[in-house]
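Each chain, written out:
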Amino acid sequence: MKTSFYSDDELINLGFKKIGVNCKISRYARFYSPKSIEIGDNVRIDDFCILSGEVKLGSYVHIAAYSALFGAGGIEMNDFAGLSSRVTIYSITDDYLGDALTGPCIPDGYRKIERGKVHLRKHSLVGASSVIMPNTTLNEGSAIGALSLVKGIVSEWSIYAGVPAKYKKPRKRETMLAYEKELLNFK
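The rules behind the values
Residues numbered from 1 in each chain as written. Predicted model: local features only at pLDDT ≥ 70, side-chain atom pairs only at ≥ 80, totals over all residues. Heavy atoms only, no water. Phe/Tyr/Trp six-rings, centres within 6.5 Å; stacked < 30°, edge-to-face > 60°. Helix = DSSP H or I, 4+ residues; strand = E, 2+ residues; numbered from the N terminus. Buried < 20%, exposed > 50% of the residue type's maximum accessible area, 1.4 Å probe, protein only. Pairing = 2+ DSSP bridges. Disulfide = S-S within 2.5 Å. Patch = residues over 30% accessible without salt bridge, like charges linked within 9 Å, V, L, I, M, F, W, Y side chains within 5 Å. Areas by Shrake-Rupley, 256 points an atom, 1.4 Å probe, with all protein chains shown as cover. Salt bridge = Lys/Arg side-chain N within 4 Å of Asp/Glu carboxyl O. Contact = heavy atoms within 4.5 Å.

(A) Focus on the packing of aromatic side chains. The final tally for this structure, using the stated rule, is 6 aromatic pairs. With 5.0 Å between their ring centres and 0 degrees between their planes, Tyr60 and Phe80 make a pair best called stacked. Within this pair, whereas Tyr60 is found in the loop between strand 6 (50–57) and strand 7 (62–63), its partner Phe80 is found in the loop between strand 8 (68–77) and strand 9 (82–83), the two being separated by 20 residues in sequence. Clustering of aromatic rings is evident, with ring pairs tying together Tyr28, Phe48 and Tyr66.

In structure tokens, the structure reads:
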């Protein structure tokens, strides 16, 4: 009987660049160019997610339902990073100011494209329905509140929220790192 998650053998046959152990990946998730996608250990990707382009996931990463990672410019999520439902990450986007035409059906010579890596460092977290734009780094331990728009550099161990996302308050570093140590020593 099949479950809602791929088996280990099925995951290998999907053709990922790298796939770790103990991964729970929904059969309803979609992967475009899986040969460009690396997945670490203990990763869970829920229903109706899209991963496309250059995507690298560390270990203990969770991507909740309906999230999308468009990685033509590169997306990296380090260990213990997570996305709540309906988060969208763009590492490439058109310029909407009117200096060029927009959309994937338009030849590149008529488009003005912004491309840049998105990096979610260790223990970073993104709240539901948030949007992350190209050239963004969420530094270690940063958290983004729901419904936020993020572009640029987010300070480590800080909470940001809003449109555009702004600093709200610090996040508890020592507690999280203690739990990480305990979990990794437990294995």
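(B) View of the pairing of strand 20 (residues 158–161). In strand 20, alternate side chains face the same way, and those of Ser158 and Tyr160 are buried while those of Ile159 and Ala161 on the opposite face are not. Two elements, strand 17 (residues 143–144) and strand 20, share 2 bridges in a ladder whose sense is parallel. Following the sheet pairing, Ile144 is matched in strand 20 by Tyr160. As paired strands, strand 20 and strand 21 (residues 166–170) are joined by 4 bridges and run antiparallel to one another. Looking across to strand 21, one finds that Tyr160 is bridged to Tyr167.

(C) Spatial organisation of unusual backbone geometry. Cis rather than trans, the peptide bond between Val163 and Pro164 has omega equal to -5 degrees. In this fold, Pro164 is placed in the loop between strand 20 and strand 21. We note that Tyr66 has phi near 70 degrees; this positive angle belongs to a residue other than glycine. Within the fold, Tyr66 resides in the loop between strand 7 and strand 8. Located in the positive-phi region is Phe80, a residue other than glycine, with phi close to 65 degrees.

(D) Structural view of the state of the cysteines. For the coordinates displayed, the defined rule picks out 0 disulfides. In this model Cys23 remains outside any disulfide bridge; the closest cysteine sulfur is found in Cys49, 14 Å from its own. For Cys23, a relative accessible area of 3% puts it in the buried group.

(E) Highlighting the sheet that holds strand 14 (residues 125–126). The 8 strands lie next to each other as 2-5-7-9-14-17-20-21, forming an open sheet whose pairing is mixed. Each of the sheet's edge strands pairs with one partner strand only, and the pair in question is strand 2 (24–25) and strand 21.

(F) Just a nonpolar patch on the surface, in detail. Together, Tyr28, Phe48 and Tyr66 make up a nonpolar patch on the protein surface, roughly 330 Å² of accessible area in all. With respect to the helices and strands, Phe48 occurs in the loop between strand 5 (44–45) and strand 6.

(G) Main features of the side chain of Thr88. Position of Thr88 relative to the elements: it lies in strand 10 (residues 88–90). The contact partners of Thr88, leaving out residues within four places of it in the chain, are Ala68, Phe70, Ser130, Val131 and Ile132.

So far we have only geometry, and geometry alone does not tell us how the molecule works.
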